[in-house]
Amino acid sequence: MERNWWKEAVVYQIYPRSFMDSNGDGIGDLKGITSKLDYLKELGIDVIWLSPVYQSPNDDNGYDISDYQAIMEEFGTMEDFDEMLEQAHKRGLKIVMDLVVNHTSDEHRWFVESRKSEENPYHDYYIWREEKNNWGSCFGGSAWQYDESRKMYYLHLFSKKQPDLNWDNPKVRQEVYDMMTWWCEKGIDGFRMDVISMISKTEEMPDGAGDGEYGEFGPYCMNGPNVHKYLKEMNEKVLSKYDLLTVGETPGVTAEQAKLYAGEDEHELNMVFQFEHVESQGKYGKWTDKKRPLPELKAIFSKWQTELYGKAWNSLFLDNHDQPRVVSRFGNDDPKYREVSAKMLATCLHMMQGTPYIYQGEELGMTNYPFESPADFRDIESIHAYQEWCESGKVSHDTFWPCMLFTSRDNARTPIQWDDTENGGFTTGTPWISVNPNYKEINAKQELADPDSVFHYYQKLIALRKQYPLIVYGKYEALLPEDENLFVYTRTLDREKLLTVCNFSDQEQRFRMPSEFVGGECLISNLSNDYRQEELVLKPYEAFVLHIG
Ligand code: GLC
Ligand code: CA
């Protein structure tokens, strides 16, 4: 397997709106990020993935871009961006930009032109049809919007303010490559590519059956006919000219397909960011209030660890700006178990193969937000889901509400809790979305002062990855796959071996040490125990890692 810096790196995702506000308008901004670079350096991460900071009317918080080469006014100016980039580089931190090119905003110049008439030079920059089909959009309602001026329907797989670009048009592709080159010349260090598995659509667009994870459009828009051709072209024209980290957000991808997107010899992307382990198969689309049984979760992780080994590269994550908070979802956010379970989850993830992504606040063990009413939501997806499922009468409020609390993206979007002053130190003004009331107990200042905090635990996990190539390159093997409470696996590189044991339950669990690990060196654990014993009794959420060889 080839060794690459991006395989050895740890990425930290910033959702700028909620990271740090520098001017008291209640909205996080670029100067706020610059002011916290030392904090990130101290954590030990290598790369920052910046969720979109481009000009946007904010229908979907920046994922609807109206100018790819301008900064959103609320976030600052291009000078602020350049200063942030320079300050990051000075500290040895890289900046990866979010590349959202499946769609633009309907306020983008291209779309403003495109909707004018069929004679307009931009007329085929988007996907226009005389008639619509039965496809639903990811955010509810039809995926087609009738446009009064053009007198046709345009396709939008997300909101109607996010029209899908027509990637089959070579002019569109060239515009995208030119824009990417412009950012690369500026000195950025890579791209996270938003829903890149959806850019190529089939020519024919028949009604769909609607039973898959992505509804009616899935078979016609996911991993479409030309996606690999276009990514190879993008690689040749842009990516191959720079030393970048490139990660494709690839919802709905199988391990087989991932080997094409991120295969060692495919010349497309460095790695995929796939969702199988966080996809929910609830009765109401993605909305659920149930934890996935551990054997299922393990089977998914083990499949990806094994199938991509030596062939392609994956990302490691349990949350991001589209997912609820990891400790609430997979661990236990009761104050009694919050810290220990947050550390256990981090251990489980960070000892696997892949590039780890830490979503802002995860390193503090931040929790889901106690939303009280539908009016508390800011996220377009959550708002539409409530309308579509509850207000339409399909499901009762009492049934759907726990699913919203458990699954809403807004859980991850509440501001970072920096200290115990008002608004958790995020802003001196009124935050755009409420700060979690637990900021007095859970905040960065307190954790930086406590050597046993979740923050310092993450710092240690990151340092271990730098110290042991085994953690990056070792081969994964699952143990006890059927066990309902323990997640156990080994990693092997030449004569070195690692054993990771995680108790996912709130009960004590017995564990018999595999004989080869008896007497192994403990690299990290979230509780104190004597790991030289052959018969162990693990406390709730206990986790440890042993090293031999
Ligand atoms: C991706 C983003 C998500 C956004 C969507 C549409 O899934 O992560 O936040 O809403 O694409 O751009
Ligand atoms: Ca601000």
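Anything mentioned here points back to the structure above.
Tracing the backbone through its elements, the reader meets N133 in the loop between β6 (128-129) and β7 (144-147). What makes N133 buried here is its relative accessible area of 12%. The spacing of N133 and P206 is 73 residues in sequence and 6.5 Å in space, taken between C-alpha atoms. With sequence-adjacent residues up to four places away left out, N133 is seen in contact with W144, M205, P206 and D207. A polar side-chain atom of N133 sits 2.6 Å from a polar atom in the side chain of W144. Within the local environment of N133, its side chain forms a polar contact with the backbone oxygen of M205, the two atoms lying 3.0 Å apart.

Attention shifts here to the packing of aromatic side chains. One pass over the full model with this rule turns up 41 aromatic pairs. Aromatic side chains F273 and F317 sit 4.0 Å apart centroid to centroid with 10 degrees between the ring planes, which places their arrangement in the stacked category. Of this pair, F273 sits in strand β11 (residues 271-273) while F317 sits in the loop between β12 (315-316) and α11 (326-329), and the two are 44 residues apart along the sequence. Under the relative-accessibility criterion, F273 is labelled buried at 2%. The aromatic ring of W287 is capped on one face by K286, whose charged end is 5.0 Å from the ring centroid. Across from the ring centre of W389, 5.0 Å away, lies the NZ or CZ of K394, which sits over that ring.

Okay, the site of ligand 1 next. Around ligand 1, the structure places 14 residues, and the nearest of them are D60, H103, D194, H321 and D322. Take H103: an N or O atom from its side chain is 2.9 Å from an oxygen atom of ligand 1. Between R192 and ligand 1, the recorded distance is 3.1 Å, taken from a side-chain N or O atom to an oxygen atom. Considered on its own, ligand 1 offers 310 Å² of accessible surface; in the complex 95% of this is hidden by protein. Class assignment of the residues belonging to the shell around ligand 1 gives a composition of four nonpolar, three polar and seven charged.

So, how was this worked out
- Residues numbered from 1 in each chain as written.
- Chains lettered and ligands numbered in written order.
- Predicted model: local features only at pLDDT ≥ 70, side-chain atom pairs only at ≥ 80, totals over all residues.
- Heavy atoms only, no water.
- Helix = DSSP H or I, 4+ residues; strand = E, 2+ residues; numbered from the N terminus.
- Buried < 20%, exposed > 50% of the residue type's maximum accessible area, 1.4 Å probe, protein only.
- Contact = heavy atoms within 4.5 Å.
- Polar contact = N/O pair within 3.5 Å; in protein donor to acceptor, adjacent residues only side chain to side chain.
- Phe/Tyr/Trp six-rings, centres within 6.5 Å; stacked < 30°, edge-to-face > 60°.
- Lys NZ or Arg CZ within 6 Å of the ring centre and 35° of its normal.
- Near = heavy atom within 4 Å.
- Areas by Shrake-Rupley, 256 points an atom, 1.4 Å probe, with all protein chains shown as cover.
- Nonpolar A, V, L, I, M, F, W, Y, C, P; charged D, E, K, R; others polar.

In short, the description is geometric, and any link to function would need to be established separately.
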